[in-house]
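Examination of the molecular architecture
Listed below, chain by chain, are the residues.
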Amino acid sequence: MNFSEPCRLTGLLGRISPDGRCLASCVQYRLIVRDVTTLQLLQLYTCLDQIQYIEWSSDSLFILCAMYKRGIVQVWSLEQPDWHCKIDEGSAGLVASCWSPDGRHILNTTEFHLRITVWSLCTKSVSYIKYPKACQQGIAFTKDGRYMAVAERRDCKDFVSLFVCSDWQLLRHFDTETQDLFGIEWAPNGCVLAVWDTCLEYKILLYSLDGRLLSTYRAYEWSLGIKSIAWSPSSQFLAIGSYDEKVRILNHVTWKKIAEFEHPAMVADTKTVVYKEVEKPPSVETERLSFPPTRALASSLFSTQSKYDISQVPVSFQYIKPVADRANPKMGIGMLAFSSDNCFLATKNDNIPNAVWIWDIQKLKLSVVLEQLCAIQSFQWDPRQPRLAVCTGNSKVYLWSPAGCVSVQVPMEGEFQIVSLCWHPTGDSMALLSKENFCMCYLEREEVK
Amino acid sequence: MGDWKTVTVPVLSSDSKNIFQYTSEKKISPPSMNSQVLRLPLPSSKSMHSFFSAFCTEENIEQSISYLNRELTTLGFPSIYVEPKGKELNLISIINCMNELLVQQHKNLRAQEEVEMQHLKLGSDMDHLQNSYAKLKEQLELSKREIVGLQERDRQLQSKNRNLHQLLKNEKDEVQKLQNIISSRATQYNHDMKRKEREYNKLKERLHQLVMNKKDKKIAMEVLNYVGRADGKRGAWRTDKTEARNEEEMYKVLLSDYEQRQKQLLVENAELKKVLQQMKKEIISLLPPQKQKPKERSEDGPVLSDLEEDIGELNKENMWELSCETVREQLTNSIRKQWRMLKNHVEKLDNQVSRVHSRALDDKDVISREDHELKTEKLELEIQQCKEMIKTQQQLLQQQLMSPCDDDTTLLLQDCYLLEERERLQEEWRLFREQKKNFEKERRSFTEAAIRLGLERKAFEEDRGAWLKQQFLSMSTDYKHSENVTTPSAFLGSSDQDSRLTNSTSQQRKPHCTLSGPVSAEPGQMSQYISCNSSNAASKKPAGDGKPNQWEESDEGEVE
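Everything numeric here is computed off the predicted structure, so don't read it as measured data.

Some remarks on the overall build of chain A
When helices and strands are counted, chain A shows 1 helix and 41 strands. Each of the 449 residues in chain A was classed as buried or not, and the buried ones make up 58%. Of the contacts formed within chain A by residues at least 6 apart in sequence, a portion of 46% connects residues at least 24 apart.

So this is what it looks like as structure tokens:
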């Protein structure tokens, strides 16, 4: 495993291009495009204001930079560095911006969610989508980029509109039986749309591509409901994580629950492997000590190595009960992700913030629990193999695969608190992001399989 | 009646020291006698005299006699005096009376004994009954106490139950209350939310209007140059056709997804069915060995026959492929049945095994196990042999299929096969050539016949022409002698008519065979006829014997 030198970054805005050749990062108002393997600077663009959001177009030819304060979106071309494009929303304001799947249209959500403006880079046409819903996930594109679902709200009722992305024609418009729609997400096969309600109601609705309601699922009433959902890559399963610390898996044939995964504070099943991160005391060779101590030595002294130990079952975890009178409490299943080969599901129970639970989907039972020393910040599956990368806010990156588990210290001078990570599309490397820096981690092929 | 009384008679001073006890004595009513009787002790032999002398002495003989007489008469005995108020004693009546009295005394004694026996019995019965009564009373007491205890416990449990029910009801009420509270709050929140949302919507509308009205020059896109589309095509107008196309594409996408899923499910289904069938076969194969062990369940017999029937039914290839309800149900039911049988069998075996372990080694079972092992060995040998056979056969096949190698035998074999084939082919060639010859012959004959036909037709035509000429000439000459000629012509005509009729009929029958008789009629008719029959060339002129042959041949030809 190799690590690159750290580079500056602000706002956690580091993105690898979809074709995997370049890496875009932002420093204040500058957009820097680098080559992924060498981190050599390829392009440098300057925007008008501090960049809040960047996104690659699907063909990796353009990057959009959104500046919400000024209400401006600037688009840069990689092929022609001289080409420029500026979209000014003026007094309408800007809250969100994203590409369309064909990479030639930009969807801007104006302030107060007044409307979504579809700007075209090919023609002079502008389209408006009225009454978009102000929710977390209001726009969803199918994986093949053909259809777009937009959540709307008119007259205190929720609707979903389906558009054909090629000509922005309204295909279907139907109302949903939700109290307050919270999010929509397409299944990877592009034929089923999952629509779920606010956390005050546990309700998830499944609509077919032609607008028919396929099924409704409600696990219980009154208590706080759905917190997160994830589709399996084959669209066979829909995992729903809720505030009652359980994950329910629905199958695509009957849309009924086939499994319920619990995340208790005590794990007693003998077949489950629990990896516990323990600190290794740093090894210092006393003869080599010099005065004043070199930087490398200092950092190695102060950064503690860690390794994984296998804990004996039964194991109990540190359980945190959140304060009862706050909204959006830190409880329930906050993170859900299926592996790319459909065999594993990684979850995080916010009541047990230091643990990552890995479930075997073929057997529908708990396979591994990773217990870390610090709270989990984020995890992501390798897009090619069943390999999970976890970061917990310290300078270590953790990798798990069915073969085993490894904790790697990123050799960095100074503080490097990894808050987010993202894999390269080929699975050979990943970008580790902290608040101020980022670095690339290159994995060898044979590593941790 | 009198009382039973234990009487102890005091010993007379004059008597011996013996004390006699009366166990019982009936009280006699006359008090004077009573006292007298009471005072009398049991007579012993010595006191007998005194006892008897106490009643009657020499002074009061007459008194005592008269007393006795009185007593006896009152008792119903005859008087002991000879005559009433006389002094003569009737000895006979006295003896009779005495005898009577003795008999009565005996009777009384017996009766007394009996009565005493009964008295004893009744006494013992009474004792027994008193004992049992006492015991029962004790038992009753005990049970009463027990009942009281149980009732107490029952009461306690009931009260506990009631308490728990009450608690449960309270909890339920509380839960219901909380739910009501939650729902009421929820409706309140929803209502408030809706109100706020409507206000918000109004604000948004207002803002939207302002934004739109302002015609903000700033809301614009500034682009250096427009970029081509990602797929290189030009943009298209949105029309109904495109709408329809989009709908169609959407449905296509959905359909393809459903088809894919259905295919997957079919594949899965087929696999599962295969597995089930395999399982069924294996289960069946496990069960029949029962037949060889006669000591074991005979009830497997009829069941196995059912099994075989099932096997027969469901082993048909086409049944597997059907996916209708009944076949599926049949399959699953039969598997379940057999699985149950197998389970029973295994359980019985387990029992047997446990029995074997508990007892000493049972020879029979040991032998059966050995048997089983022998059988498995045999089966393994068989399998080995079969495998070897299969291998050799495969090898042979391979050799045959492979290109010619140096082996003589294979060459020979190949040659043999080739020879065989060649001979067969030669045979076929021969047959073919023969047939060809035959066809050629026939063709030649047909052509000859056709040539002949042509020649004959020509000759016939010439003849006809000549004949017509003759006729015409003769007619023109005979016209003068019309009657003679006409009648023969009429006759001829009639005969002709007849012949025509026959011809026509024969024509009907054999359309390609024409006139049997000579054509002769009036010129008009004649010409008609000729024109009709000119198409049918050949005539049955009595020209040659070859004709019938011809016809036959042609017939044959036609038929062939």
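Moving on from the coordinates now.
Here we look at helix α4 (residues 91–213) of chain B
A rise of 1.5 Å per residue sets the reference length of α4 of chain B, with its 123 residues, at 183 Å; its end C-alpha atoms lie 173 Å apart and thus fit the reference within 8%. Ser-93, Ile-94, Cys-97, Glu-197, Lys-204, His-208 and Val-211 of chain B are the residues of α4 of chain B that are buried.

Overview of the sheet that holds strand β18 (residues 169–175) of chain A
Residue and element names in this part refer to chain A. Within the open sheet, the 4 strands sit side by side as β15-β16-β17-β18. Their pairing is antiparallel. In this open sheet, the two edge strands, each paired with only one partner strand, are β15 (139–141) and β18. Across the sheet, the mean angle from the axis of one strand to that of its neighbour is 20 degrees, orientation sign disregarded. Where strand β16 (residues 147–154) and strand β17 (residues 157–164) come together, 8 bridges link them in antiparallel fashion. Along β17, the bridge assignment pairs Met-148 with Phe-163.

Notes on the packing of aromatic side chains
All names here are of chain A. Per the counting criterion, the structure on display carries 16 aromatic pairs over all chains. Both rings, one in Trp-231 and one in Trp-255, keep their centres 6.0 Å apart while their planes meet at 90 degrees; by these two values the pair is edge-to-face. Of this pair, Trp-231 sits in strand β23 (residues 226–231) while Trp-255 sits in the loop between β25 (246–251) and β26 (257–262), placing them 24 residues apart in sequence. The pair Trp-231 / Trp-255 is uniform in exposure class, with both members buried.

As for the interface of chain A and chain B
Of the residues lining the interface, 50 residues belong to chain A; the matching set on chain B comes to 44 residues. A combined buried area of about 4400 Å² lies between chain A and chain B, and 57% of that area is made up of carbon and sulfur atoms. A per-residue breakdown of the area chain A buries against chain B is headed by Leu-114, Cys-156 and Trp-222 of chain A, which together make up 14% of the total. Across the chain A-chain B interface, the total number found is 3 salt bridges. Here Arg-146 of chain A ties to Glu-249 of chain B by a salt bridge, and the two come within 3.2 Å at their closest N and O atoms. Applying the counting criterion to the chain A and chain B interface returns 14 residue pairs in polar contact (both at pLDDT 80 or more). Residue assignment for the side of chain A that touches chain B shows that the elements contributing at least two residues are β10 (84–88), β13 (115–120), β16 and β18 of chain A. In terms of residue count, β10 of chain A provides more of the side of chain A that touches chain B than any other element does, 5 residues in total. A class-by-class count of the residues in the side of chain A that touches chain B yields 21 nonpolar, 12 polar and 17 charged. Two strands pair when backbone bridges link them, and β10 of chain A and strand β3 (residues 220–223) of chain B are joined in this way by 4 bridges, in the antiparallel orientation.

Some details on the nonpolar core
All names here are of chain A. In terms of nonpolar packing, the biggest core is built from 38 residues, with Leu-193, Ile-204, Leu-238 and Ile-240 touching the most fellow members. Among the elements that make up this core, the one with the highest residue count is strand β20 (residues 192–197) (5 residues). Apart from residues lying up to four places away in sequence, Ile-240 is in contact with Tyr-202, Ile-204, Tyr-217, Ile-226, Ser-228, Ile-229, Lys-246, Val-247, Arg-248, Leu-250 and Leu-336. The next biggest cluster of nonpolar side chains, apart from the first, holds 23 residues, and it includes Ala-230, Phe-237, Ala-355 and Leu-366.

Focus: the side chain of Ser-306 of chain A
All names here are of chain A. As for its placement among the helices and strands, Ser-306 is situated in strand β29 (residues 305–311). The class for Ser-306 is buried, based on a relative accessible area of 5%. There is a polar contact of 2.9 Å between the side chain of Ser-306 and the side chain of Glu-277. At 2.9 Å, the side chain of Ser-306 forms a polar contact with the side chain of Ser-407.

Comments concerning the packing of helix α5 (residues 240–286) of chain B against helix α8 (residues 325–358) of chain B
All names here are of chain B. Orientation of α5 relative to α8, taken along the N-to-C sense of each, is 35 degrees, at an axis distance of 10 Å. Crossing handedness for the pair α5 and α8: left-handed. The residues of α8 that touch α5, namely those facing Lys-273, Leu-276, Gln-277, Met-279, Lys-280, Ile-283, Ile-284 and Leu-286, are Leu-331, Ser-334, Ile-335, Gln-338, Trp-339 and Leu-342. When the residues that make up the contact of α5 with α8 are grouped by side-chain class, the tally is 9 nonpolar, 3 polar and 2 charged.

Remarks on the pairing of β17 of chain A
All names here are of chain A. Counting buried positions over the 8 residues of β17 gives 7, a clear majority of the element. In this structure, the hairpin formed by β16 and β17 is closed by a connection of 2 residues, where Asp-155 is found at a positive phi of approximately 50 degrees. Where β17 and β18 come together, 6 bridges link them in antiparallel fashion. Following the sheet pairing, Phe-159 is matched in β18 by Asp-175. Between β17 and β18, which follow one another and run antiparallel, lie 4 residues, and Trp-168 among them has a positive phi close to 55 degrees.

As for a positive patch on the surface
All names here are of chain B. The grouping of Arg-433, Lys-436, Lys-437, Lys-441 and Arg-444 at the surface amounts to a positive patch. For Arg-433, the location among the structural elements is in helix α10 (residues 408–478). A residue is classified by how much of its surface remains accessible, and Arg-433, at 46% relative accessible area, is partly exposed.

Quick notes on the sheet that holds β25 of chain A
Residues and elements named next belong to chain A. One open sheet holds the 4 strands; their spatial order is β23-β24-β25-β26, and the pairing between them is antiparallel. Unpaired on one side and paired on the other, β23 and β26 mark the two borders of the sheet. For this sheet, the mean inter-axis angle between neighbouring strands, taken without regard to orientation, is 20 degrees. When strand β24 (residues 237–242) meets β25, the two strands line up antiparallel, connected through 5 bridges. Each residue of the ladder has a partner; that of Leu-238, found in β25, is Leu-250.

Parameters and conventions
- Residues numbered from 1 in each chain as written.
- Chains lettered and ligands numbered in written order.
- Predicted model: local features only at pLDDT ≥ 70, side-chain atom pairs only at ≥ 80, totals over all residues.
- Heavy atoms only, no water.
- Helix = DSSP H or I, 4+ residues; strand = E, 2+ residues; numbered from the N terminus.
- Buried < 20%, exposed > 50% of the residue type's maximum accessible area, 1.4 Å probe, protein only.
- Contact = heavy atoms within 4.5 Å.
- Expected span 1.5 Å × (residues − 1).
- Pairing = 2+ DSSP bridges.
- Axes fitted to C-alpha atoms, helices over the stretch in contact; angles between N-to-C directions.
- Phe/Tyr/Trp six-rings, centres within 6.5 Å; stacked < 30°, edge-to-face > 60°.
- Buried area = accessible area lost by both parts, 1.4 Å probe.
- Salt bridge = Lys/Arg side-chain N within 4 Å of Asp/Glu carboxyl O.
- Polar contact = N/O pair within 3.5 Å; in protein donor to acceptor, adjacent residues only side chain to side chain.
- Nonpolar A, V, L, I, M, F, W, Y, C, P; charged D, E, K, R; others polar.
- Core = buried A, V, L, I, M, F, W, Y, C linked by side-chain atoms within 4.5 Å.
- Left-handed = near helix turned anticlockwise from the far one by under 90°.
- Patch = residues over 30% accessible without salt bridge, like charges linked within 9 Å, V, L, I, M, F, W, Y side chains within 5 Å.
- Areas by Shrake-Rupley, 256 points an atom, 1.4 Å probe, with all protein chains shown as cover.
- Lys, Arg positive; Asp, Glu negative; His and termini not counted.
- Charge placed at Lys NZ, Arg CZ, Asp CG, Glu CD.

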